[in-house]
Amino acid sequence: MEEQKKWWKEAVVYQIYPRSFKDSNGDGIGDLRGILEKLDYLSYLGIDVIWMSPIFQSPNHDNGYDISDYQGIMDEFGTMEDFRLLLKESHKRGIKIILDLVVNHTSDEHPWFIKSREEKENPYWDYYIWKPAKNGKEPNNWGAWFGGSAWEYDENRKKYYFHQFSPHQPDLNWKNPKVREEIFAMMRWWLEQGIDGFRMDVINMISKTEDYSDGALKGLYGDLSPYCMNGPQVHEYLREMHEKVLCRYDIMTIGEAMEAGVEEAKKYAGAARKELNMVFQLEHLDMGRGQYGKWNDKPVNLKELKEIFGKWQEELKGTGWNSLCWSNHDQPRAVSRFGDDGTYWEASAKMLATCLHMMRGTPFIYQGEEIGMTNAGFQKLEDYRDVESLQAYQELVEEAGVSHGAMMEYLKLKSRDNARTPMQWNEERQAGFTEGSPWIPVIGSYPEINVHKQRSEESSILNYYRRLIALRREKPVIVYGDFHMLLKESESVFAYERKLDGVKLTVVCNFTTQETPCGLVSETASILISNYQDRASGILRPYEAVVYEEQCKGGRL
Ligand code: GLC
Ligand code: CA
């Protein structure tokens, strides 16, 4: 079946974490004017869309994912004027902007919540999820994602409110039609400002079951996932959102869908279903969970990684569209996790980029990935800022008996702060991020790993990303070609084919530090792009990636 052409399928998205991108006024916090200063850099990189993590008013318990005013810009980030200018200047350069829509919950300082917790009954009482105590305790055993119970007692209302994340992030009650109307009105308001779409935060968690019974024990608390993920009305709500808001604009919509499998994704992003354009499948990023969830030091299993990607690539064919990413603001750095941030840093960063950008779907680059930024490597607990990391430390070390040393290792590998250190612009102080002192430390590698240096080196990771992005415009097969996984059984090589109208690409990536014999290595086929200067014969060198292109005159392959 011919794939429908859409701009958001052809686009490359660049995710900005505004707090850590560029500080324009020396207070140590990135801001909108900082992003404005760097628009020419983003044009040079060649991306089409910017997704900004939340820029709205927030007390910042979770760096903006706790919103207290959806229609106001966070003071530290600037003003609405700054935002309008940024949007105008981006559009001038042909770059679109999508915003983060965080509507599973608000901040506990949002006026709706302040009203909701008042003693006296009022229209906001039912905007959140309130339950009476059960036998003098929490309504059930559910644990929050950031540790502790998912219920918080409120003295005024003498009831508990529900929060899947921190107690400063109470969940909205989507069952209440007034809540939905408020959210839809807010979304229309932003779209009328001219924005180009939304990335929807944990959107598959907005509908909860009626059943508030205890969950299966997972550590100290019960698992709330079966009750809150992909809940009974979630598709109904999204179709309502589509009908009342989304369908009126030519926009990009992408839903974050934790723990949603392919079958669920087909519902969220099925072309015919009128919900979203695509979801973030995070299955490959969730790989390797253990007794303490993501907190462990298990290495990446390449076969499992390939199975996950292969499944999503093949099963969404004809019904939905994939998003492609190695990392984001919630994940460790791609090169540190899936590549090698030591000897083969450069080769492995380029290999990962090749492997991802040649698959079928819309690629997302997380800020700094294009220069191969690595994990933070913080040695001290005091360097961490992230609510999830700090809560996990407390719970695992102080309550579950994990040793300090082990936990510090897990944080080094998995903490969200690994991806939140300041963007490395140049070799000057604080990596050119700020004239002041940054809200979170700049990492020590910046004299080697920075934008300024890589702009001037032809063979840099940055210039490699630019070539990959440019190729996407030149070769429709990269966007619309069929995908077919090769060498499924290999534990070291990730290989696949793409085919469209008589053009075939063969993508071959070595995920190891070893030389690996590989039958797909061709001595004659023309090379579209590769991370080694000279041609391989018979073997793939450490982290080598090659894309071969073959034509088949006048016919199908
Ligand atoms: C999403 C965000 C994450 C945030 C959480 C709660 O997973 O990506 O950063 O902490 O939702 O809003
Ligand atoms: Ca600032």
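Residues numbered from 1 in each chain as written. Chains lettered and ligands numbered in written order. Predicted model: local features only at pLDDT ≥ 70, side-chain atom pairs only at ≥ 80, totals over all residues. Heavy atoms only, no water.

### Side note on the coordination of the calcium ion (ligand 2)
For step 1, the next point in the chain: For the calcium ion (ligand 2), every protein donor is listed as Asp-23 (OD), Asn-25 (OD1), Asp-27 (OD), Ile-29 (O) and Asp-31 (OD), and the spread of their distances is 2.3 Å.
For step 2, the next point in the chain: Written as a sequence motif, the donor residues of the calcium ion (ligand 2) are D-x1-N-x1-D-x1-I-x1-D.
For step 3, the next point in the chain: According to the relative accessible area criterion, Asp-23 is buried, its value standing at 3%.
For step 4, the next point in the chain: Look at Asn-25 and you get exposed, because its relative accessible area is 51%. (Donors = N, O, S within 2.8 Å, 3.2 Å for Na, K, Ca; no water. Buried < 20%, exposed > 50% of the residue type's maximum accessible area, 1.4 Å probe, protein only.)

### Re the site of ligand 1
For step 1, the next point in the chain: Residues in close proximity to ligand 1 total 14 residues, the closest being Asp-62, His-105, Asp-201, His-329 and Asp-330.
For step 2, the next point in the chain: A distance of 3.1 Å is found between an oxygen atom of ligand 1 and a side-chain nitrogen or oxygen belonging to Arg-199.
For step 3, the next point in the chain: Note that an oxygen atom of ligand 1 is positioned 2.9 Å from one of the side-chain N or O atoms of His-329.
For step 4, the next point in the chain: Here ligand 1, which alone exposes 310 Å², has 98% of that area covered by the protein.
For step 5, the next point in the chain: When its residues are assigned to classes, the shell around ligand 1 shows four nonpolar, three polar and seven charged. (Near = heavy atom within 4 Å. Polar contact = N/O pair within 3.5 Å; in protein donor to acceptor, adjacent residues only side chain to side chain. Areas by Shrake-Rupley, 256 points an atom, 1.4 Å probe, with all protein chains shown as cover. Nonpolar A, V, L, I, M, F, W, Y, C, P; charged D, E, K, R; others polar.)

### Focus: the packing of helix H9 (residues 262-269) against helix H10 (residues 302-315)
For step 1, the next point in the chain: At a closest axis distance of 11 Å, the pairing of H9 and H10 adopts a crossing angle of 40°. In terms of axis orientation, H9 runs oblique to H10. Crossing of H9 against H10: the hand is right-handed. Listed contacts from H10 to Val-262, Glu-263, Ala-265 and Lys-266 of H9 are Lys-311, Trp-312 and Glu-315. (Axes fitted to C-alpha atoms, helices over the stretch in contact; angles between N-to-C directions. Helix = DSSP H or I, 4+ residues; strand = E, 2+ residues; numbered from the N terminus. Parallel < 35°, antiparallel > 145°, perpendicular 65-115°, else oblique. Left-handed = near helix turned anticlockwise from the far one by under 90°. Contact = heavy atoms within 4.5 Å.)

### Describing the side chain of Glu-256
For step 1, the next point in the chain: Relative to the helices and strands, Glu-256 is located in strand S12 (residues 252-256).
For step 2, the next point in the chain: Of the residues examined, Glu-256 reaches a relative accessible area of 5% and is grouped as buried.
For step 3, the next point in the chain: In this structure Glu-256 touches Arg-199, Met-200, Asp-201, Val-202, Ile-203, Asn-204, Phe-280, Leu-282 and Asp-330, once residues within four positions along its chain are discounted.

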